[in-house]
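Here are the chains, one letter per residue:
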Amino acid sequence: MMEELHDSSNNLRKKNQMNPKHLSVRVAQCDLIASNSPCPRRKVGCLIVDPENNVVISEGYNGTPRGSKKDLCGGDTCERETKKVESGTRNDVGCHHAEMNAILNATRVGQSTLGKWLIVNCDPCLMCAKAIHHSGIVRIYSPIYTKGEHYEGLNYLTNNNIEIKPLPQEGK
């Protein structure tokens, strides 16, 4: 029995797929991590996973810089929303994005992101898409909203051969 489980796990990796049950658990982890976000507008969580052994190597959520006075954001209101800042622009306004935090957290502890997969509960903006591409991540799982503010990020990833997979739908 144990050998069958091991073979099944190896076959999924060889096919470059994540077990649907494991993916559902990872999505739940993203949502839990997102609950740490101080952002009043959107709570985003992100994981970077090593596909060879299904181990989380880093995580991040949208929030203020590590060790800051927490005054980058507008407190109870989203400063980006108040100032009508377009997504993926004006990095000087608002929180650090979850994807960027996950990539930087991996870097901070010397963990390579080359060949890894990223799971996020919000589609990446253009700025984060560029960071994902240049960090060597080869696949992302995201909601894949086909319209809206993050279309440019998804388009950038597609044009740069980063595989995009949809997150599982709840209840399915």
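Before reading on, note that the structure itself is shown above.
Residues numbered from 1 in each chain as written. Predicted model: local features only at pLDDT ≥ 70, side-chain atom pairs only at ≥ 80, totals over all residues. Heavy atoms only, no water.

A.B. asks: Describe the packing of aromatic side chains, with residues and values.
C.D. replies: All chains considered together, the criterion is met by 1 aromatic pair. One residue, Arg-139, lies across the ring of Trp-117, its end atom 4.1 Å from the ring centre. (Phe/Tyr/Trp six-rings, centres within 6.5 Å; stacked < 30°, edge-to-face > 60°. Lys NZ or Arg CZ within 6 Å of the ring centre and 35° of its normal.)

A.B. asks: Requested: an account of unusual backbone geometry, with residues and values cited.
C.D. replies: Positive phi is not limited to glycine here, since Asn-54 has a value of about 55°. With a relative accessible area of 19%, Asn-54 lands in the buried category. For Asn-161, which is not a glycine, the phi torsion comes out positive at approximately 60°. Relative to the elements of secondary structure, Asn-161 occurs in the loop between α6 (151-159) and β5 (163-166). (Buried < 20%, exposed > 50% of the residue type's maximum accessible area, 1.4 Å probe, protein only. Helix = DSSP H or I, 4+ residues; strand = E, 2+ residues; numbered from the N terminus.)

A.B. asks: Run through the pairing of strand β3 (residues 117-120), naming residues and quoting values.
C.D. replies: Judged by which residues are buried, β3 turns out to be covered on both faces: Trp-117 and Ile-119 on one side and Leu-118 and Val-120 on the other are all buried. Across 3 bridges, the pairing between β3 and strand β4 (residues 139-142) is parallel. Each residue of the ladder has a partner; that of Trp-117, found in β4, is Arg-139. For the crossover from β3 across helix α5 (residues 126-134) to β4, the handedness is right-handed. (Pairing = 2+ DSSP bridges. Right-handed = clockwise from strand over helix to strand, strands pointing away.)

A.B. asks: Go over the state of the cysteines with me, naming the residues and quoting the values.
C.D. replies: Applying the stated criterion across every chain, the model contains 0 disulfides. Here Cys-46 is not disulfide-linked; the sulfur of Cys-30 is the nearest cysteine sulfur, at 6.1 Å. Relative accessible area serves as the criterion here: at 0%, Cys-46 is assigned to the buried category. (Disulfide = S-S within 2.5 Å.)

A.B. asks: Talk me through the nonpolar core; I want residue IDs and the actual numbers.
C.D. replies: Core analysis: the biggest nonpolar cluster contains 21 residues, and Ile-48, Leu-118, Ile-132, Ile-137 and Ile-140 have the highest contact counts within it. Only β1 (45-50), α4 (98-108), β3, α5 and α6 provide two or more residues apiece to this core. In this structure Ile-48 touches Val-55, Val-56, Ile-57, Ser-58, Ala-102, Ile-103, Thr-113, Lys-116, Trp-117, Leu-118 and Ile-137, once residues within four positions along its chain are discounted. Counting residues in each nonpolar core, the second largest holds 11 residues, with Met-18, Val-49, Ile-119 and Leu-167 among its members. (Core = buried A, V, L, I, M, F, W, Y, C linked by side-chain atoms within 4.5 Å. Contact = heavy atoms within 4.5 Å.)

A.B. asks: Now, about the pattern of salt bridges: what can you tell me, with residues and values included?
C.D. replies: Overall, the coordinates contain 2 salt bridges when judged by the stated rule. Between Arg-139 and Glu-163 there is a salt bridge, and its shortest N-O distance comes to 3.0 Å. Highlighted residues: Arg-139 in strand β4 and Glu-163 in strand β5, separated in sequence by 24 residues. Under the relative-accessibility criterion, Arg-139 is labelled buried at 3%. Take Glu-163: its relative accessible area is 31%, and that puts it in the partly exposed class. (Salt bridge = Lys/Arg side-chain N within 4 Å of Asp/Glu carboxyl O.)

A.B. asks: I'd like a description of the side chain of Arg-139, backed by residues and values.
C.D. replies: A polar contact of 3.0 Å, which involves the side chain of Arg-139, links it to the side chain of Glu-163. Once you skip the residues sitting within four places of it in the chain, Arg-139 turns out to touch Asn-16, Gln-17, Lys-116, Trp-117, Leu-118, Ile-162, Glu-163 and Lys-165. (Polar contact = N/O pair within 3.5 Å; in protein donor to acceptor, adjacent residues only side chain to side chain.)

A.B. asks: Break down the packing of α4 against α5 for me, citing the residues and quoting the values.
C.D. replies: Contact pair α4 / α5: the axes reach a minimum separation of 9 Å and the direction vectors enclose 25°. Of the possible angle classes, the one that applies to α4 and α5 is roughly parallel. Along this stretch, α4 crosses α5, giving a crossing that reads as left-handed. On the side of α4, the interface is formed by Glu-99, Met-100 and Ile-103, while α5 contributes Met-127, Cys-128, Ala-131 and Ile-132. Considering only residue class, the contact of α4 with α5 consists of 6 nonpolar, no polar and 1 charged. (Axes fitted to C-alpha atoms, helices over the stretch in contact; angles between N-to-C directions. Parallel < 35°, antiparallel > 145°, perpendicular 65-115°, else oblique. Left-handed = near helix turned anticlockwise from the far one by under 90°. Nonpolar A, V, L, I, M, F, W, Y, C, P; charged D, E, K, R; others polar.)

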